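Structural overview for review
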Amino acid sequence: MVLCVNAKTKIKDLVIEYIEVALKNGELVNLNWDYSEIERTPEGFVAFYRGLCFEEEHARDCLDKLKELSVACVGLYSEEPGPWDICIESLDFDDNGNMLVIEDVHYEGEDGEQVVTTYCDLKDFARSWLQQNQYDLKDYFVVADPDEPAELGDLLDVAYDMKGDIEESTFNPYPESGKDFDNWYDEFVLKIHTVLRVIAYEQETGVSE
């Protein structure tokens, strides 16, 4: 399988070392690859990652699993000093001619260490909020087919409920800029929705990511 990533960045030599995604059921999967090619553009780069792997296994015949994924974390590298900026605009998966194109990716991050720290902080905040408000995300799994694993339903209503409380909270989801930009509410919902998927998967399976 080949993954094509279209990204914007101001860093001329920035490269992606790995991508961690949350699948529809909330499972976290580390995407890595055998080798890569990169084409620089005025806005950033287009990169082709060939021999795509889920963790250590090649991702053949896995397009269905990748539908409705969200990006949790991106490992970045540059020889320039951080912070580094990146905005992923699209992910195109090609599995021997079978295509899956995900255009509305909603991922923006700075240097890799800060992204990971923020993600972990978001996860801790979400767990605490869910416990205080007596949410059990296992209730959001739906059995559509008795012969298939339960599917995770839409958690956006939970994300919006959490958004209503975040403004009064001392927790700051944006340690660099604070809650000062106009659409931080919408960005928070997108970020926390990915985190909620992961927590739901952990609650349902007992597997901690």
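Data block above holds the structure.
A short tour of the structure in this document, coming up. Everything numeric in this text was worked out from a predicted model, so none of it was measured.

Procedures and definitions
- Residues numbered from 1 in each chain as written.
- Predicted model: local features only at pLDDT ≥ 70, side-chain atom pairs only at ≥ 80, totals over all residues.
- Heavy atoms only, no water.
- Phe/Tyr/Trp six-rings, centres within 6.5 Å; stacked < 30°, edge-to-face > 60°.
- Helix = DSSP H or I, 4+ residues; strand = E, 2+ residues; numbered from the N terminus.
- Buried < 20%, exposed > 50% of the residue type's maximum accessible area, 1.4 Å probe, protein only.
- Salt bridge = Lys/Arg side-chain N within 4 Å of Asp/Glu carboxyl O.

Section: the packing of aromatic side chains
With the rule as written, the count across this model stands at two aromatic pairs. Plain terms: the ring middles of W33 and Y49 are 4.0 Å apart, the flat faces sit at 35° to each other, and that makes the pair tilted. Note that W33 is positioned in the loop between β3 (28–32) and β4 (35–40) and Y49 in strand β5 (residues 44–50), a separation of 16 residues in sequence. For Y49, a relative accessible area of 2% gives the class buried. When the ring of W129 is compared with that of Y135, the centres are 5.2 Å apart and the planes differ by 25°; the resulting orientation is stacked. Given the relative accessible area of 6%, W129 is considered buried. By relative accessible area, which is 24% here, Y135 ends up partly exposed.

Observations concerning the pattern of salt bridges
Under the criterion given, the structure shown has six salt bridges. A salt bridge links K8 to E89; the nearest nitrogen and oxygen atoms lie 3.4 Å apart. With K8 in strand β1 (residues 2–8) and E89 in strand β9 (residues 86–95), the pair connects residues that are 81 residues apart, well separated along the chain. Residue E89 is classed as partly exposed on the basis of its relative accessible area of 31%. Between E37 and R50 there is a salt bridge; the shortest N-O distance is 3.1 Å. You can see E37 sitting in strand β4 and its partner R50 sitting in strand β5, a full 13 residues away along the chain. Assessed through its relative accessible area of 25%, R50 is described here as partly exposed. Salt bridges here are not isolated pairs; linked through shared partners, they connect K123, R127 and E202.

By themselves, these figures tell us nothing about what the structure is for.
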